[in-house]
Amino acid sequence: MNLNEEVELLKGVPIFSKVEQARLKLLAFTSERVNFGVGQEVCHQGDPGDTMYVILGGTADVLIDTPSGQISVAEMKRNSFFGEIAILCDVPRTATIKAKEPLATLKITKDMFYRLVAEFPEMAIEIMRELAHRLEDTNQKLRAATRAA
Amino acid sequence: MERSLFSYIWRHSRPEQVVILLLVVLAQIFYFMSLTVPKSVINNGIQGNAFKDSKTIPFLVWELDLSAVFPGRVIRFFDGFQVDQLQYLVVMSFVFLGAVVVNGLFKKTINTQKGRMGERMLRRLRYELYDRILRFPPAHFRKVKQAELATMVKDEVEPLGGFIGDAFVQPMFLGGQALTAIIFIMMQNWLLGIIVIVLLAVQMSIIPRLRKPVLVLGRQRQISARQLAGRIAETADGVHEIHIHGAANYERADISERLGLIFKIRFDLYQKKFVAKFWNNILSQATPFAIYLVGGYFAITGQMDVGAVVGVLLAYKDLPSPIKELIDWDQQRQDVQIKYEQVIDQFQPEGMMPPELQAIPDGPPPPLGKELALAGVVVTEDGRVKQLDNLSLTLQTSSRVAVIGGSGSGKDVLGQVLARQTLPASGSVRVDGKDFFQLPEYVIGARLAYVGQDTYLFPLSVRDNLLFGLKLRPVAPASYDEATKAVRETFWKESVRAGNPAFDPNADWVDYELAGATGPADLLPCMVRALKQVELDEDIYSLGLRGTVDAAQRPDLAEKILKARHTLHEHLQDGTYAGLVEPFNDDHYNKNLSVAENLLFGTALGKQFDGDNLAADPYVMSVLRKTGLDVDLQRMGLSIAETMVELFSGLSPDNPLFEQYSFISADELPNVRLLLQRLGGKGIEAVPEADRIRLMTLPFRYIEARHRLGLIDAAMEERILGARRAFAEGLPANLRDAVEFYDFERYNSAATLQDNILFGRLVYGQAQAGERIGTLIAQVFDELGLRDSVIEVGLEYNVGVGGKRLPASQRQKLGIARALIKRPQLVVVNEAVAMFDGRTQDRIRDNILADASERASGVFWIANRPSQAEPFEQVVVMQGGRVVAQGSPSELAARGGLYTELMASA
């Protein structure tokens with residue numbers, strides 16, 4: 001997979017959906033590609049997170065700790081991504097991600113992301129707009145839910 | 001040391017001075033001859049004065065003229081040869097030549113002798129000063145600056161060397177010349193003689209007086225220059241603080257002030273010097289003035305004939321220069337005397353260690369003794385605060401004791417006293433009844449180990465630092481071949497002549513027995529054991545992996561590592577490690593190497609093919625042209641340039657991303673953009689020749705697996721492989737030594753141990769590849785029993801000035817290991833583990849205790865945390881510089897009091 005394909009995948013991430021293509025290309029170029037073998041953990045529930053991953057290939061299990069042990073709640077495939085909130089604010093990982101098949105990811109660190117945002121403020125505006133849309137969307141759903149109740 | 005430089009010189013160089021003096025006297029005869037012979041050559045040889053009466057005259061007549069005692073009585077032994085004028089001329093000319101040669105030889109010998117004597121004395125003096133530094137009381141180093149000591153030993157005594165050769169000879173020689181001239185004048189006319197003597201006396205008493213201020217200023221100049229050296233060293237030592245606190249300009253102000261002061265002193269010095277010179281000239285011209293006036297008066301009044309006046313004047317002509325030189329010599333004498341005193345004063349502090357305590361032991365050092373008894377020990381800080389107050393304590397050197405107490409309890413000072421780092425103001429410390437402070441240093445060095453909070457490491461290898469404490473005496477002489485041995489013997493003879501010891505630093509000084517080894521062969525396990533006790537073995541192992549081994553020097557080790565490479569690559573075939581390493585393979589393009597590395601396919605030795613030099617190398621260029629790869633690379637370069645311009649345009653030039661990721665620097669980017677605009681999408685053919693070269697070098701750093709621009713497809717891989725082969729095959733003979741090609745069956749001396757065993761590259765973007773392969777490598781080394789050998793390579797790592805190339809915690813660990821490796825009878829650990837984390841502190845303590853109880857030796861542990869005292873058999877509780885309780889932990893716990901309090905606080 002080369003750089004241009006990676007950029008296409010990044011465009012699928014909502015917070016990046018409106019960011020200029022050239023910027024995303026730079027983000028992809030400066031980000032590291034990390035492959036995980038079967039059974040390797042990408043991140044662990046409860047650990048502090050500061051990295052976002054975009055899955056370029058393979059599948060991963062989403063595991064949640066419960067009193068009765070770890071259970072798999074979902075599966076992620078190519079085009080999936082996780083941890084996008086972690087690069088905006090410090091939140092602990094809400095789940096454990098484990099490679100089910102050999103997994104290829106693009107690893108975007110908070111540092112690299114911030115550096116680009118600092119350099120290109122319009123990127124921040126696009127991301128803010130996207131977040132505001134999401135907030136509005138959630139509010140509407142909340143209103144609909146309260147009205148229904 | 002003698003206060004007077006003269007008695008110092010005389011004491012140490014008497015025989016040499018006498019020899020030189022004799023040579024000087026002897027030389028005068030030939031000097032005189034070389035002056036008189038020309039007269040005979042001109043008068044008799046050329047003008048023929050002696051040949052007016054006869055054709056020949058006798059030559060080389062050997063007779064004893066006794067006419068002074070018995071008138072007319074001459075004993076003739078040999079009548080001589082009869083020579084005519086021409087023969088006489090020839091013979092006398094050769095006599096002249098001979099006299100000149102002999103004269104020159106004398107001069108050369110005398111100067112050589114003088115020089116050697118001076119240098120020898122300088123060496124002696126420097127050695128004695130250094131010797132004294134080693135015997136300074138420890139507290140003295142808090143007062144002196146090291147740079148000042150260095151300046152004194154190195155620069156300030158230097159002029160003494162030049163003076164020492166002339167110290168006695170010069171005044172004798174010049175004095176003799178002056179005396180002869182004065183006697184001659186006295187013989188001509190006693191009155192004129194007296195006038196000359198009086199004027200000389202005036203001159204010799206006034207001039208030194210005028211020069212006195214010059215000497216005082218000279219002393220100031222010396223001190224201020226020494227302090228400047230000290231200040232500059234301080235700046236270097238504290239440079240981080242200066243930057244952190246932004247105090248650079250305050251420092252500048254200080255230095256400027258000092259330089260101003262030095263300028264003033266030096267300028268005053270010049271002024272005074274020239275005033276003295278002025279009067280010197282005036283006074284030396286006063287004598288001829290008196291001779292003209294008085295002599296002329298006598299001549300006119302007829303009391304003296306004109307010839308005598310002229311004679312006096314001629315004799316006087318020879319006077320001023322020796323007198324002037326004598327005065328100069330005297331000036332120099334006073335100058336070096338002051339310099340000498342200035343230096344000596346700094347080198348005799350109170351409480352110097354007597355030299356006997358540092359004698360070299362004849363054999364293995366004796367044991368320390370069984371019982372250490374401190375009675376009424378008082379230690380004060382500059383006579384005010386009592387750090388130890390009348391402390392009394394008895395302990396067995398074989399017992400394991402912990403000392404606990406608050407921060408002002410004086411426990412650390414107690415540790416320093418036991419290491420003889422601090423001398424008590426009163427009280428006594430005795431070992432089996434003997435004064436502890438009078439034990440020879442080798443007993444302390446071999447049997448008692450001390451580690452404090454700060455560890456100093458010498459800028460040597462880890463190994464040399466670790467073994468530093470075992471070098472008490474030369475254990476086995478170095479082996480030399482016959483020729484070198486003769487050279488060394490002469491060298492040592494000279495050392496002894498200059499009062500230096502004839503120790504050989506090339507001898508083996510390591511006391512293997514002390515470390516528990518029998519010789520160099522089984523020392524390594526002892527070193528590893530000491531490193532393990534302080535948990536430093538892992539770090540040294542990592543250093544070893546990054547170190548290199550010269551296959552020519554250690555063929556055995558190189559072969560073993562080659563074997564490890566084979567074993568590792570077998571393991572890499574396993575599914576668990578698949579895809580983590582891409583091995584170097586002659587027939588494959590390595591995606592995890594850059595294009596340049598793929599081309600070279602080896603380790604660059606020296607600068608020829610190293611880094612960016614490769615792209616500029618004419619041979620590389622010729623290979624690229626021949627294989628046609630140059631155009632491919634230009635095309636790749638163009639593609640990279642387009643991507644870079646696309647990615648990095650608009651980024652501010654000082655953004656760190658440029659340096660980290662861009663193939664084109666921020667300064668160059670606008671030019672490249674311009675080039676691309678002009679090109680307007682046309683291919684590489686449209687690019688001007690000059691720009692093509694620049695584009696061609698861009699892909700050299702391109703790594704397909706890392707940069708992922710998809711520039712290298714299978715066909716391109718083949719073409720680069722072709723160039724790789726062409727490069728290797730056509731490599732000219734003179735460049736053979738510039739590269740060590742990758743070869744699976746050959747050890748590569750230029751590469752690190754890790755690269756040698758790995759023989760490949762970690763694949764980019766494999767999660768935890770580095771850690772997993774690191775573990776695998778360690779496993780392979782363990783399987784093959786090579787771990788210690790890797791540590792051995794790591795031991796060669798140079799720790800840098802003050803050990804700064806090691807992190808602080810590793811420095812401290814090495815310091816503790818250095819104390820443990822000599823298996824001391826008693827080890828004093830003075831809060832030495834305080835900088836480690838709590839668990840490491842406890843583990844190291846337990847290791848030391850386990851080792852000590854195995855050898856039934858003692859530990860004196862000054863605890864930085866009271867809880868550390870738990871596993872010790874005995875605990876000493878200190879407060880306010882006194883021992884307030886002592887006993888086993890259970891006894892103390894039962895008694896309660898401060899012990900319980902301290903334990904609760906921990």
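Every chain begins its residue count from 1, and numbering advances along the sequence as written. For this description, chains carry letters from A and ligands carry numbers from 1, given in the order in which they are written. Only residues with pLDDT of 70 or above have their local features reported here, since the model is predicted, and side-chain atom pairs are shown and tallied only from 80 upward, although totals for entire chains, interfaces and linings are computed over all residues. Just so you know, side-chain values use all the structure's heavy atoms and leave hydrogens and water out.

Engineer: How would you explain the domain arrangement of chain B if you had to name every residue and give the values?
Structural biologist: A domain assignment, automatic or from a database, supplies the domain bounds used here. Split by domain assignment, chain B resolves into domain 1 (371-455 + 825-905), domain 2 (476-508) and domain 3 (604-713). When each unit is reduced to the centre of its C-alpha atoms, the spacing between domain 1 of chain B and domain 3 of chain B is 66 Å.

Engineer: Now, about the environment of B:Pro288: what can you tell me, with residues and values included?
Structural biologist: Residues and elements named next belong to chain B. Put simply, DSSP marks the helices as runs of H or I at least four residues long and the strands as runs of E at least two long, and each gets a number from the N terminus on. Structurally, the position occupied by Pro 288 is in helix H8 (residues 248-300). Pro 288 sits in the buried class, given a relative accessible area of 10%. With 28 residues separating them along the chain, Pro 288 and Tyr 316 place their C-alpha atoms 7.7 Å apart. Each residue is placed in one exposure class: buried if its accessible area under a 1.4 Å probe, protein chains only, is under 20% of its type's maximum, exposed if it is over 50%, and partly exposed if it falls in between.

Engineer: Got a sec to walk through the environment of B:Leu217? Specific residues and values, please.
Structural biologist: Residues and elements named next belong to chain B. Mapped onto the secondary structure, Leu 217 falls in helix H6 (residues 190-237). Given a relative accessible area of 10%, Leu 217 falls into the buried group. A C-alpha to C-alpha distance of 58 Å links Leu 217 and Gly 45, two positions 172 residues apart in sequence. With sequence-adjacent residues up to four places away left out, Leu 217 is seen in contact with Ile 265, Asp 268, Leu 269 and Lys 272. Note on contacts: a residue pair qualifies if any of its non-hydrogen atoms lie within 4.5 Å across the two residues.

Engineer: Kindly report on the interface of chain A and chain B, identifying the contributing residues and their values.
Structural biologist: Contact with chain A, which involves 22 residues of that partner, is made by 22 residues of chain B. As used here, buried area is the combined drop in accessible area, with a 1.4 Å probe, of two parts when they are placed together. For chain A, the biggest contributors to the area lost against chain B are A:Phe29, A:Arg115 and A:Glu119; these three give 32% of the whole. By salt bridge we mean one thing: a side-chain nitrogen of Lys or Arg within 4 Å of a carboxyl oxygen of Asp or Glu. Viewed at the interface, chain B and chain A are joined by 2 salt bridges. Of the charged contacts, one joins B:Glu646 and A:Lys25 as a salt bridge, the two residues approaching to 3.0 Å between their closest N and O atoms.

Engineer: Summarise empty space enclosed by the protein; cite the residues concerned and give the values.
Structural biologist: All names here are of chain B. Detection works on a 1 Å grid of protein atoms alone, calling trapped sets that fit a 1.4 Å probe cavities and calling open sets with protein on both sides within 12 Å along at least five of seven lines pockets, with lining residues defined by an atom within 4 Å of a point. Grid points are joined across faces, edges and corners, and a volume is the space filled by probe spheres set on the points. Applying the stated rule across the entire model yields 2 cavities of 30 Å³ or more. Here the largest cavity is characterised by a volume of approximately 40 Å³. Forming the boundary of the largest cavity are Pro 208, Arg 211, Leu 215, Ile 327, Asp 330, Gln 331 and Gln 334. Within the residue set of the lining of the largest cavity, elements represented by two or more residues are H6 and helix H10 (320-346). Of the residues forming the lining of the largest cavity, the biggest block, 4 residues, is contributed by H10. Here the term charged refers only to Asp, Glu, Lys and Arg, the term nonpolar to Ala, Val, Leu, Ile, Met, Phe, Trp, Tyr, Cys and Pro, and the term polar to all other amino acids, Gly among them. Within the lining of the largest cavity, the residues separate by chemical class into 3 nonpolar, 2 polar and 2 charged. Size it by volume and the second largest cavity reaches roughly 30 Å³.

Engineer: An account of the packing of aromatic side chains is needed here, citing residue identities and associated values.
Structural biologist: Residues and elements named next belong to chain B. Any two of the Phe, Tyr and Trp rings considered here, Trp counted by its six-membered ring, make a pair once their centres fall within 6.5 Å; the pair's planes then place it as stacked at under 30 degrees, edge-to-face at over 60, or tilted in between. By the definition in use, this model includes 32 aromatic pairs over all chains. With centroids separated by 6.4 Å and ring planes inclined at 85°, the aromatic side chains of Tyr 541 and Phe 781 adopt a geometry described as edge-to-face. Here Tyr 541, found in helix H17 (residues 537-546), pairs with Phe 781, found in helix H29 (residues 769-783); they are 240 residues apart in sequence, far enough to count as distant. Classification of Phe 781 as buried rests on a relative accessible area of 0%. A ring pair is formed by Phe 584 and Phe 601, whose centres lie 6.1 Å apart and whose planes are at 80°; its orientation type is edge-to-face. Taken together, the positions of Phe 584 in the loop between strand S11 (581-583) and helix H19 (595-600) and Phe 601 in the loop between H19 and strand S12 (602-604) put the pair 17 residues apart, joining distant regions of the chain. Its relative accessible area of 4% is what places Phe 601 among the buried residues. Among the aromatic residues, those joined into a ring-pair cluster are Phe 6, Trp 10, Phe 163, Phe 168 and Trp 329. In our convention, an over-ring charge means Lys NZ or Arg CZ found within 6 Å of a ring centre and within 35 degrees of that ring's normal. In this structure, Arg 787 packs its charged tip against the face of Tyr 541, placed 5.0 Å from the ring centre.

Engineer: Talk me through the side chain of A:Thr51; I want residue IDs and the actual numbers.
Structural biologist: Looking at the secondary structure, you find A:Thr51 in strand S4 (residues 51-57). Here a polar contact means two N or O atoms within 3.5 Å. Within protein one must be a hydrogen donor candidate and the other an acceptor candidate, and residues neighboring in sequence count only if both atoms are side-chain atoms. A distance of 2.9 Å separates polar atoms of two side chains, one belonging to A:Thr51 and the other to A:Asp50.

Engineer: Got a sec to walk through the sheet that holds strand S6 (residues 69-76) of chain A? Specific residues and values, please.
Structural biologist: All names here are of chain A. Strands are treated as partners if at least two bridges between them are detected by DSSP. A sheet is described by the order of its strands in space; here 4 strands give the open sequence S2-S9-S5-S6, paired in antiparallel fashion. A single partner strand is all that each edge strand has here, and the edge strands are strand S2 (41-43) and S6. If you compare each strand with its neighbour and ignore which way they point, the axes differ by 35° on average. Relative to strand S9 (residues 96-99), S2 is paired through 2 bridges, and the arrangement is antiparallel. Each residue of the ladder has a partner; that of Cys 43, found in S9, is Ile 97. To define axes, lines are fitted to C-alpha atoms, for helices over the stretch in contact only, and angles between the resulting N-to-C directions are given on a 0 to 180 degree scale.

Engineer: Lay out the sheet that holds strand S10 (residues 103-109) of chain A with the relevant residues and their values.
Structural biologist: Residues and elements named next belong to chain A. Strand order in the open sheet made by the 4 strands is S1-S10-S4-S7, with antiparallel pairing throughout. Both edges of this open sheet fall to strand S1 (32-36) and strand S7 (81-82), since each of them pairs with a single strand only. Here S1 pairs with S10 via 5 bridges, running antiparallel. When the sheet's bridge partners are listed, Phe 36 is paired in S10 with Leu 103. Across the face of the sheet, helix H1 (residues 3-11) comes into contact with S1, S4 and S10 while running at roughly 120° to S4.

Engineer: Quick one: what's the story with a nonpolar patch on the surface, residue by residue and with numbers?
Structural biologist: All names here are of chain B. A patch is a set of surface residues, each over 30% in relative accessible area and not in a salt bridge, joined within 9 Å for like charges and within 5 Å for the nonpolar side chains Val, Leu, Ile, Met, Phe, Trp and Tyr. Shrake-Rupley sampling with a 1.4 Å probe provides the accessible areas, and residues are treated as covered by the protein chains on show and by no other component. Nonpolar side chains collect at one region of the surface, where Met 186, Trp 190, Ile 194, Ile 197, Val 198, Val 202 and Ile 206 lie side by side and expose about 580 Å² of accessible area between them. For the nonpolar patch, the leading source of residues is H6, giving 6 residues. Mapping Ile 206 onto the fold places it in helix H6.

Engineer: Now, about helix H4 (residues 121-148) of chain A: what can you tell me, with residues and values included?
Structural biologist: Residues and elements named next belong to chain A. One fewer than the residue count of a helix, multiplied by 1.5 Å, yields its expected span. The terminal C-alpha atoms of H4, which comprises 28 residues, lie 40 Å apart, in line with the 40 Å expected from a rise of 1.5 Å per residue. Along H4, the positions that sit buried rather than exposed are Met 123, Glu 126, Ile 127 and Glu 130. The inward-facing, buried residues of H4 abut helix H2 (21-30) and helix H3 (110-119).

Engineer: Explain the pairing of strand S8 (residues 426-431) of chain B to me, using residue names and the numbers behind them.
Structural biologist: Residues and elements named next belong to chain B. Across 5 bridges, the pairing between strand S5 (residues 371-381) and S8 is antiparallel. Bridging from a neighbouring strand, Ala 373 pairs with Arg 430 of S8. Note: S8 against strand S9 (residues 434-435), 2 bridges, orientation antiparallel. Considered in S9, the bridge of Arg 430 is made with Asp 435. Hairpin geometry of S8 and S9 is characterised by an intervening segment of 2 residues between the two adjacent antiparallel strands and by a positive phi of about 45° at Asp 432.

Engineer: Would you mind going over the packing of H2(A) against helix H22 (residues 629-648) of chain B in detail, with residue names and values included?
Structural biologist: Relative placement of two packed helices is described by the angle separating their axes and the distance separating the axes. Here H2(A) crosses H22(B) at 110°, and the two axes come no closer than 8 Å. The orientation of H2(A) with respect to H22(B), classified from their angle, is roughly perpendicular. When you trace H2(A) past H22(B), the crossing you get is left-handed. Where H2(A) abuts H22(B), its residues A:Ala22, A:Lys25, A:Leu26 and A:Phe29 lie against B:Met644, B:Glu646, B:Leu647 and B:Phe648. Classifying every residue of the contact of H2(A) with H22(B) gives 6 nonpolar, no polar and 2 charged. An angle below 35 degrees is treated as roughly parallel, one above 145 as roughly antiparallel, one from 65 to 115 as roughly perpendicular, and anything else as oblique. Helix crossings fall into two classes, left-handed where the near helix is turned counterclockwise from the far one by less than a right angle and right-handed where it is turned clockwise.

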